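So the chains spell out like this:
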Amino acid sequence: MTARSGDAPPGTATGTAPAARPRATGEDATLARLDALLSDLSAAQAEINALEGRRAALLADIADLSEHAERAVLDADDPHLRRTSSARRRELARRAVVAEVGTTLHLGEHAAANLCDHAQTLRRKAPRSLAALAAGRCSWAHAARVARHLADLEPADARRVEASVAPVLATGTPAQVDARARRARENIHPEPVEVRAAKASEHRAVYLDDGRDGMAWLTAHLPATHAHAAYDRLTRTATALHAETDSLTVSQGRADALAALLLDDGTLDQSAVPALPASAAPRPPAQDPALTRPVPSIAAIARNIRPQVTVTVPVLTLLGVSDIPADLDGHVPIAPDMARELAALAPSLRRVLTHPESGIPLSVGRESYTAPSALKAELARRDATCRFPGCTVPAVRSDLDHSTAWADGGTTGADNLAHLCRHHHVLKHQAGWTVRHRPPPGSRPGTPGSSPTTPTPASASASAHSLGLNGHLEWTSPTGRRHTTCPDGGVVATRHGSVPRGTLPTTADLPPF
């Protein structure tokens, strides 16, 4: 959500931003010009969106027409064609029409087919999203993310997913729309997640795509648990390498660790690895140890690091009396059986158990700058990602920031803490962006994180629970534009949350919290 700072309703803030320094006349003129350009940019984008909506309607018409184009586009005199099935003839007719679209738009047939499929899905299963596109309120990139998650759903289920995505369709990024649609689809899909996971794992693969300047892309499509654990090991290896030399970035370190692990299992004959001719091989500066590090040493570091993933498991699922899916790293639903299997592997798993009566602390006030571990875990679950508008860096790789700075009287509580990736953490403190917590729509303003009045324990608890864990943030840019972000974390409860088997355990039977 975006608005101008002058439109803020009174009494809605739950944190007090530091007073802005006076700006010189030149600075005001620069920001005014920037504001005007942003307004023009927004208007231009709305026009582009509306044209994309018109294109989507035309593509949907073409896709509908292709379903009845057999006689028009196929050669009825072809003897081979006469012996093919009706399904095959329909497929050929559609391919012929898609080829027309591709040549008209100068696209490959795969890209043209995706355009037609998504447009047809939007018309049949997500009419509100198509209408928003036609009105210029969202882009094709946003609408296409909705469509790709609805293709295998019945219309009624598709409408429920669309309704869940609607709040972020016009205000979020395509990646955020994709995440919301994916979670909503998991929530209502008629097949249990473990059945779909088994089918999807049949499509696991590795792809190689050549790039420029002697580089290439190596991409793997893996089960989520394997991918997240592998990425964690690469990241922690890269962090260790970065600590030794600032010239090696964490991204470069991940790539080096991946190559080291794949190309050296302790037995690889390094002399047998093909190399560039000496005259063509790049010669890194001798003073840079990161660029001359032997591959085996990186592999040794990586092998000594245990990969970690965080799985949020409803306690009844963990005990085997319910089948509500768990969450992997805050936003990827996984099957109950897989969650229970991971929970048993304590050496490689930090277990975070949730229960309605667990008594998770929501604030320690001014007693401590550092949040207690239970509060950190709950806020990581709440936020799931960096809370800057549009950012999708996972919370587990972000900093836990005091929205109102500790030095300015901010408290250590759910209503004054939010995850920010390092990039946006720096932006908040050094580039004129400010943030404050706000109550969710329809609720009364709560106690601010830096309130000068000391609340009672009961009011503080109520405020933290109704406000802090809802985590609504209002960001204000240097030009005064306001953007509201809402967290999208939490365990997905699906229609396959089974009726507990047998007798429910008593409180005494539950693990300690």
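Just so we're clear, the structure is a prediction, and the values are computed from it rather than from any experiment.

(A) Looking closely at the overall build of the chain. For the chain, the count of helices and strands is 18 helices and 12 strands. Each of the 513 residues in the chain was classed as buried or not, and the buried ones make up 36%. For the chain, contacts bridging at least 24 residues in sequence account for 68% of all contacts bridging at least 6. Accessible area for the chain stands at about 28,500 Å²; split by element, carbon and sulfur atoms hold 57% of it.

(B) Summary view of unusual backbone geometry. In this model, D213 sits at a positive phi of 55°, which is unusual for a non-glycine residue. Within the fold, D213 resides in the loop between strand 2 (205–210) and strand 3 (216–221). Residue classification places D213 among the exposed residues on the basis of a relative accessible area of 74%. The residue A384 is not glycine, and still its phi comes out positive at about 70°. Among the secondary structure elements, A384 is positioned in the loop between helix 16 (373–383) and strand 8 (399–402).

(C) Fine view of the packing of aromatic side chains. Evaluation of the coordinates by the stated rule reveals three aromatic pairs. Aromatic pair Y369 and W406: ring centres 5.7 Å apart, planes at 85°, arrangement edge-to-face. Separated by 37 residues along the polypeptide, Y369 in the loop between strand 7 (349–354) and helix 16 and W406 in the loop between strand 8 and strand 9 (417–420) bring together distant segments of the chain. The class of Y369 is partly exposed, set by a relative accessible area of 48%.

(D) Looking closely at the packing of helix 5 (residues 109–125) against helix 6 (residues 127–134). Remark: helix 5 packs on helix 6, axes separated minimally by 6 Å, with the N-to-C direction vectors making an angle of 115°. Taken together, the axes of helix 5 and helix 6 are roughly perpendicular relative to one another. In this structure, helix 5 contributes L122, R123 and K125 to the contact, and helix 6 contributes P127, S129 and L130. Considered class by class, the residues forming the contact of helix 5 with helix 6 number three nonpolar, one polar and two charged.

(E) Spatial organisation of the confidence of the model for the chain. Per-residue confidence for the chain gives a mean pLDDT of 77; residues scoring 70 or more make up 70%. This model gives residues 272–296 a pLDDT under 50, and the stretch forms 21 contacts once residues within four places in sequence are excluded. With pLDDT under 50 throughout, residues 348–359 is counted as low confidence; its partners more than four residues away or in other chains account for 31 contacts.

(F) Structural view of the side chain of T479. Here T479 lies in the loop between strand 11 (472–476) and strand 12 (481–485). Here S477 takes part through its side chain, which lies 3.0 Å from a polar atom of the side chain of T479.

(G) Geometry of the nonpolar core. Core analysis: the biggest nonpolar cluster contains 32 residues, and W140 and V165 have the highest contact counts within it. Of all the elements in the fold, those that place two or more residues in this core are helix 1 (25–66), helix 4 (86–105), helix 5, helix 6, helix 7 (140–150), helix 8 (155–169) and helix 9 (174–188). It is helix 7 that contributes the most residues to this core, six residues altogether. Setting aside anything within four residues of it in sequence, one finds W140 in contact with E52, R55, A56, L115, H118, A119, L122 and L133. Counting residues in each nonpolar core, the second largest holds 10 residues, with C391, L420, L473 and W475 among its members.

(H) Representation of empty space enclosed by the protein within the structure. One pass over the structure, following the stated rule, counts two cavities of 30 Å³ or more. Lining of the second largest cavity is provided by D401, S403, A418, L420, K428, V435, L473 and W475. Where the lining of the second largest cavity is concerned, the elements lending two or more residues are strand 9 and strand 11. Taken together, the residues of the lining of the second largest cavity sort by class into five nonpolar, one polar and two charged.

(I) A look at a nonpolar patch on the surface. On the surface, a nonpolar cluster with roughly 600 Å² of combined accessible area is contributed by V206, L208, L218, L258, L262 and L263. In this structure, L258 sits in helix 12 (residues 250–263).

(J) Up close: the pattern of salt bridges. Under the definition given, this model contains 23 salt bridges. In this structure, the salt-bridge partner of E91 is R95, at a minimum N-O distance of 3.9 Å. One end of the pair is E91 and the other is R95, both in helix 4 and four residues apart, which spans about a single turn. Here the salt bridges do not stand alone but share partners, grouping D61, D64, E67, R123 and R124 into one network.

(K) Here's a closer look at helix 11 (residues 224–244). Along its 21 residues, helix 11 runs 31 Å from first to last C-alpha, staying within 8% of the 30 Å computed at 1.5 Å per residue. The complete set of buried residues in helix 11 reads T225, D232, L234, T235, T237, A238 and L241.

(L) Just the pairing of strand 9, in detail. Along strand 9, one buried face is formed by L417 and H419 and the opposite face, lined by A418 and L420, is buried too. Direction of pairing for strand 8 relative to strand 9: antiparallel, over a ladder of four bridges. Across the sheet, the residue bridging to D401 is A418, located in strand 9.

(M) Summary view of the side chain of D178. By the element assignment, D178 lies in helix 9. Relative accessible area serves as the criterion here: at 9%, D178 is assigned to the buried category. If we skip the residues at most four places from it in the chain, D178 touches R145, R148 and H149.

Reading the values: rules and limits
- Residues numbered from 1 in each chain as written.
- Predicted model: local features only at pLDDT ≥ 70, side-chain atom pairs only at ≥ 80, totals over all residues.
- Heavy atoms only, no water.
- Helix = DSSP H or I, 4+ residues; strand = E, 2+ residues; numbered from the N terminus.
- Buried < 20%, exposed > 50% of the residue type's maximum accessible area, 1.4 Å probe, protein only.
- Contact = heavy atoms within 4.5 Å.
- Areas by Shrake-Rupley, 256 points an atom, 1.4 Å probe, with all protein chains shown as cover.
- Phe/Tyr/Trp six-rings, centres within 6.5 Å; stacked < 30°, edge-to-face > 60°.
- Axes fitted to C-alpha atoms, helices over the stretch in contact; angles between N-to-C directions.
- Parallel < 35°, antiparallel > 145°, perpendicular 65-115°, else oblique.
- Nonpolar A, V, L, I, M, F, W, Y, C, P; charged D, E, K, R; others polar.
- pLDDT = per-residue confidence, 0-100.
- Polar contact = N/O pair within 3.5 Å; in protein donor to acceptor, adjacent residues only side chain to side chain.
- Core = buried A, V, L, I, M, F, W, Y, C linked by side-chain atoms within 4.5 Å.
- 1 Å grid on protein atoms, 1.4 Å probe; cavity = no way out; pocket = protein on both sides within 12 Å on 5 of 7 lines; lining within 4 Å.
- Points joined across faces, edges and corners; volume = space filled by probe spheres on them.
- Patch = residues over 30% accessible without salt bridge, like charges linked within 9 Å, V, L, I, M, F, W, Y side chains within 5 Å.
- Salt bridge = Lys/Arg side-chain N within 4 Å of Asp/Glu carboxyl O.
- Expected span 1.5 Å × (residues − 1).
- Pairing = 2+ DSSP bridges.

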